[in-house]
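The primary structure of each chain is shown beneath.
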Amino acid sequence: MDSPRTLDRVAVPGPPSLLPRMLDGVSRPVADAAGTALLSVVASAFGFAGLWDLFRVTPFPISPWWALAFALPGCVLIALRDRIPPLLALPVAAALFAGDAATVGGLGSLVVLLDVLWHAVHRATARVRRGLAVALVIVACAFLVFALLRTSDPRIAMLVTLQIATLLGTDYWWAVAVGRAEEVAALERRRATDAAREAVRDERETMARELHDLVAGHVSAMAIRSEAALSTPPDETRDRAALRAVRDASLDAHAALRSMIAVLRDGGEAPAPAPTLADIPELVRAAEWSGLSVRISDERIADERTDERGDEREINGRTGALPLLVDQTAARVVREALANGARHAVGAEVRVRLSDGVDRLLIRIDSHGGRGASGPALAGSGTGLAVLAERVRALGGEFSAGPTGDGWSVRAELPRGEAP
């Protein structure tokens, strides 16, 4: 086992980590300025001067060390480029380069000019960039005219002008390319952020719809049945039946929640399948337990049969010929309408009618009479009807819901489509 002294020795940073720490405190402009100054000093030490003798106006060559008189003030511009407006620093850098070219012809002032020009173009707007491009063309033409006046050989004038134009033009093009690449990257980041937000919103809407379809009906049924039992005189048989109904609804809600959580957490199997028109008798029984009086009129079939008790009807006909989504959406319309009736109109008479149109399935649920719940109200947010309208219209159908006299009417038209 390592001793505490050994552990302390390992935890202390060694000399290799000191240099990065020192560089972390130096800003990029200061580092660039220091590098340019060092380059200028080295260039002067090696005698880099007279690079632009064609433009020199002094009668004799000047010592290369005088190039620092133009390069070092330019290094100050580089160090302060985040504080000085680029369009203000650019003329100063150009003047320093012109003075250097007319006297010493050193290298440092040219590096300063290229650095200041790059950052001026990179930070400029599209309009300012166009203005700078025009200014560079004018500068190149001025160099050509001045070179032609300084030499009798136009080829030398063209070569020197081409060198200056290439340096300045490449610097300008590079700054524009980097600026546009950063703009495209920022645009793509914004698009990715917007797409992620849109995906999250769509996922939340999908989760809200699924949770409403799977759970809201069961929870409402529990509240309605328990309230119905509490609002009547005690009766052991009726109360136990209400408790069994509440238990069944709670188990169904629990199973639906577990299915949804499994899908969200593990991406497991899909939630329990939605009801279809074949499940309407079960939906009717649940609604009648909640205090509604429901009558079904299925005009799609010729032989509607009633069993001995007269309270259950077998829904046959052409239900199987419907596409699955249409079949499930039709059942959702019926379920939501019955749930709303049980929530807001206890004791109402409800008629569910299914009929055929031209290539369409017509669904209409009309309720009359009834009364509001005597206990705590089950406030509705309108989510169920809004989701239904969205589902129906997504399939190319039509949906409407609203009050009619002393009741409420829900109407939907769904395309039959092709049999799967």
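Residues numbered from 1 in each chain as written. Predicted model: local features only at pLDDT ≥ 70, side-chain atom pairs only at ≥ 80, totals over all residues. Heavy atoms only, no water.

Enquirer: Pulling in residues and values, what's your account of the overall build of the protein chain?
Expert: When helices and strands are counted, the protein chain shows 12 helices and 5 strands. Per-residue burial over the protein chain gives 36% buried out of 420 residues. If you take every contact in the protein chain between residues at least 6 apart in sequence, the share linking residues at least 24 apart comes to 69%. (Helix = DSSP H or I, 4+ residues; strand = E, 2+ residues; numbered from the N terminus. Buried < 20%, exposed > 50% of the residue type's maximum accessible area, 1.4 Å probe, protein only. Contact = heavy atoms within 4.5 Å.)

Enquirer: Tell me about helix α5 (residues 86–103), and name the residues and values.
Expert: Along its 18 residues, α5 runs 26 Å from first to last C-alpha, staying within 8% of the 26 Å computed at 1.5 Å per residue. Three or more residues of α5 are buried, namely Ala89, Leu90, Ala93, Leu96, Phe97, Gly99, Asp100, Ala101, Ala102 and Thr103. Gly105 lies just past α5 and shows a positive phi near 75°. (Expected span 1.5 Å × (residues − 1).)

Enquirer: Account for empty space enclosed by the protein, with residues named and values stated.
Expert: Tallied over the full model, the rule gives 4 cavities of 30 Å³ or more. Approximately 70 Å³ is the volume found for the second largest cavity. Taken together, Leu77, Arg81, Ile84, Pro86, Ala89, Asp115, Val116, His119, Ala120 and Arg123 make up the full set of residues lining the second largest cavity. Of all elements in the fold, only α5 and α6 (108–123) reach the threshold of two or more residues within the lining of the second largest cavity. The element contributing the most residues to the lining of the second largest cavity is α6, with 5 residues. Here the lining of the second largest cavity is built from residues that sort into 6 nonpolar, 1 polar and 3 charged. (1 Å grid on protein atoms, 1.4 Å probe; cavity = no way out; pocket = protein on both sides within 12 Å on 5 of 7 lines; lining within 4 Å. Points joined across faces, edges and corners; volume = space filled by probe spheres on them. Nonpolar A, V, L, I, M, F, W, Y, C, P; charged D, E, K, R; others polar.)

Enquirer: Just give me the short version of helix α11 (residues 324–344), but keep the residues and values in it.
Expert: End to end, α11 covers 30 Å across 21 residues, agreeing with the expected 30 Å (1.5 Å per residue, within 8%). Among the 21 residues of α11, 17 are classified as buried, and the element is accordingly described as predominantly covered.

Enquirer: Give me the pairing of strand β2 (residues 349–356): which residues, what numbers.
Expert: Strand direction decides the pairing type here: strand β1 (residues 293–298) and β2, joined by 6 bridges, are parallel. Of the residues in β2, the one forming a bridge with Arg295 is Arg351. Sheet analysis places β2 next to strand β3 (residues 360–368), joined by 8 bridges and oriented antiparallel. By the bridge assignment for β3, Arg353 is matched with Arg364. The turn joining β2 and β3, which pair antiparallel and follow one another in sequence, is formed by 3 residues; a positive phi near 60° is taken by Asp359. (Pairing = 2+ DSSP bridges.)

Enquirer: Could you give me a rundown of the sheet that holds β2, with the residues and numbers involved?
Expert: Strand order in this open sheet of 5 strands is β1-β2-β3-β5-β4, and the pairing throughout is mixed. Strands with a single pairing partner mark the edges of an open sheet, and in this sheet they are β1 and β4 (398–404). Ignoring strand direction, the axes of neighbouring strands in this sheet form an average angle of 10°. Relative to strand β5 (residues 407–415), β3 runs antiparallel, the two being bridged by 9 bridges. Opposite Ile365, over in β5, you have Val410 as the bridge partner. Packing of helix α10 (residues 280–289) onto the sheet brings it into contact with β1 and β2, and relative to β1 it is tilted by some 160°. (Axes fitted to C-alpha atoms, helices over the stretch in contact; angles between N-to-C directions.)

Enquirer: Can you explain a nonpolar patch on the surface? Please cite residues and give values.
Expert: On the surface, Leu38, Val42, Phe46, Phe48 and Leu51 cluster together into a nonpolar patch covering about 520 Å² of accessible area. Note that Leu51 resides in the loop between α3 (28–45) and α4 (68–79). By relative accessible area, Leu51 is classed as partly exposed at 39%. (Patch = residues over 30% accessible without salt bridge, like charges linked within 9 Å, V, L, I, M, F, W, Y side chains within 5 Å. Areas by Shrake-Rupley, 256 points an atom, 1.4 Å probe, with all protein chains shown as cover. Salt bridge = Lys/Arg side-chain N within 4 Å of Asp/Glu carboxyl O.)

Enquirer: I'd love a proper account of the nonpolar core, names of residues and values included.
Expert: Of all hydrophobic cores here, the largest spans 34 residues; its most connected members are Trp52, Phe55, Leu90, Phe97, Val121 and Leu168. Of all the secondary-structure elements, those providing two or more residues to this core are α3, α4, α5, α6, α7 (126–150) and α8 (154–230). Of all the elements, α6 adds the most residues to this core, at 9 residues. Not counting residues within four places of it along the chain, the set of residues in contact with Trp52 comprises Phe97, Ala101, Gly105, Gly106, Leu110, Val160, Gln163 and Ile164. Listed in part, the 31 residues of the second largest apolar core include Leu283, Ala342, Val352 and Ile363. (Core = buried A, V, L, I, M, F, W, Y, C linked by side-chain atoms within 4.5 Å.)

Note that every value here comes from positions in space, so none of it alone points to a role or purpose.
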